[in-house]
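# Per-entry structural report
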Amino acid sequence: MFNLDMVKGVLLAIGRPELTIYRNEKKNIGYEIRIRVNVRADSERFLEEISRVLLLNDIKSKVKYSESKIRPKPILWISGIRNILAISAILKEEVASSKADWKMFFEAADIIWHDKHNSQEGLDRLLQLKGEIL
């Protein structure tokens, strides 16, 4: 059985923050933003235990038992801005001095939470965080 501190360590060690920006003409600014954390592992039970500890801390996640045909191993996803902000709250102290990917990810989450991603300035900042523009 894991506790929250162990799950924090797992997230920092093998969790991958993901910010995806792709074109979608149906959106008012022409782009869609997806933000989530992926945790990949060989064991479904390991990911289910992480998911259980997260749920006990009001963070919803989803375990998929086969990511794709190309990668048939299990994956855990944490998505939804409220869940991402909850992850930010529990990891903030641990990433304060390092982990640039997480810092960028949490700044992106803040932009999305405050609905700034629907403006050109917000979208430009997200693209800067991803390194797409200078």
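Our structure is the block above this text.
Here we summarise the structure given alongside this text. For every chain, the first residue of its written sequence is number 1, and the numbers climb from 1 along that sequence. Local features are withheld for residues below a pLDDT of 70 in this predicted model, meaning they are given only at 70 or higher, and side-chain atom pairs are given and counted only at 80 or more; totals for whole chains, interfaces and linings count all residues. Water and hydrogen atoms were dropped before computing side-chain values, which therefore reflect all heavy atoms in the structure.

## A word on the pairing of strand 4 (residues 75-79)
Relative accessibility decides the category of a residue: with a 1.4 Å probe and only protein chains considered, values under 20% of the type maximum give buried, values over 50% give exposed, and everything between is partly exposed. In this description a helix means any DSSP run of H or I spanning at least four residues, a strand means any run of E spanning at least two, and both kinds are numbered starting from the N terminus. Burial runs high along strand 4: four of the five residues are buried. Two strands qualify as a pair provided that DSSP identifies no fewer than 2 bridges between them. As paired strands, strand 2 (residues 31-40) and strand 4 are joined by five bridges and run antiparallel to one another. Within the sheet, the bridge partner assigned to Arg36 lies in strand 4 and is Ser79. The pairing of strand 3 (residues 62-64) with strand 4 spans three bridges and is classified as antiparallel. The partner of Lys62 across the bridge, within strand 4, is Trp77.

## Side note on the side chain of Glu67
Mapped onto the elements of the fold, Glu67 is located in the loop between strand 3 and strand 4. Here a polar contact is taken to be a pair of N or O atoms separated by no more than 3.5 Å, where protein atoms must pair a possible hydrogen donor with a possible acceptor and residues adjacent in sequence count only if both atoms sit in side chains. A polar contact is formed between the side chain of Glu67 and the side chain of Arg40, at a distance of 2.8 Å. Looking at Glu67, its side chain comes within polar contact range of the side chain of Arg71, at 3.2 Å. If near-sequence neighbours (up to four positions away) are discounted, Glu67 is found in contact with Arg40, Pro72, Lys73 and Ile75. By definition, residues are in contact when any of their heavy atoms lie within 4.5 Å.

## As for the packing of helix 1 (residues 4-14) against helix 2 (residues 44-56)
Packed helix pairs are characterised by how far apart their axes lie and by the angle those axes make with each other. Axis definition: a line fit to C-alpha positions, over the contact stretch in the case of helices; interaxial angles, taken between N-to-C directions, run 0 to 180 degrees. The interhelical angle for the contact between helix 1 and helix 2, taken along N-to-C directions, is 120°, at an axis separation of 10 Å. What the angle tells us is that helix 1 and helix 2 run oblique. Crossing hand, helix 1 versus helix 2: left-handed. For the pair formed by helix 1 and helix 2, the contact residues are Leu4, Val7, Val10 and Ile14 on the first element and Phe46, Ile50, Val53 and Leu54 on the second. Residues are grouped as follows: Ala, Val, Leu, Ile, Met, Phe, Trp, Tyr, Cys and Pro are nonpolar; Asp, Glu, Lys and Arg are charged; all remaining types, including Gly, are polar. Partitioning the contact of helix 1 with helix 2 into residue classes produces eight nonpolar, no polar and no charged. By definition in this entry, angles of less than 35 degrees are roughly parallel, angles greater than 145 are roughly antiparallel, angles of 65 to 115 are roughly perpendicular, and the rest are oblique. Left-handed describes a crossing whose near helix is turned anticlockwise from the far helix by less than a right angle; the clockwise case is right-handed.

## Let's talk about the pattern of salt bridges
When a carboxyl oxygen of Asp or Glu lies within 4 Å of a side-chain nitrogen of Lys or Arg, that pair is called a salt bridge. Counted according to the given criterion, the structure contains ten salt bridges. A salt bridge links Glu49 to Arg52, with the shortest nitrogen-to-oxygen separation between them at 2.7 Å. On the criterion of helical spacing, the pair formed by Glu49 and Arg52 is a turn pair, its members being three residues apart in helix 2. Since its relative accessible area comes to 19%, Glu49 is described here as buried. Looking at Arg52, the relative accessible area reads 31%, which means it is partly exposed. One continuous salt-bridge network, built from bridges that share partners, spans Asp5, Lys8 and Glu94.

## Considerations on the packing of aromatic side chains
A pair of Phe, Tyr and Trp rings is counted when the ring centres sit within 6.5 Å of each other, with Trp represented by its six-membered ring. The angle between the planes then sorts it: under 30 degrees is stacked, over 60 is edge-to-face, the rest tilted. Under the counting rule described, the total for this entry stands at four aromatic pairs. Between Trp102 and Phe105, the aromatic rings sit 5.9 Å apart at their centres with planes inclined by 90°, giving edge-to-face as the arrangement. With a gap of three residues between them, Trp102 and Phe105 both fall in helix 4 (residues 100-113), about one helical turn apart. The pair Trp102 / Phe105 is uniform in exposure class, with both members buried.

Distances and angles like these do not, on their own, reveal function.
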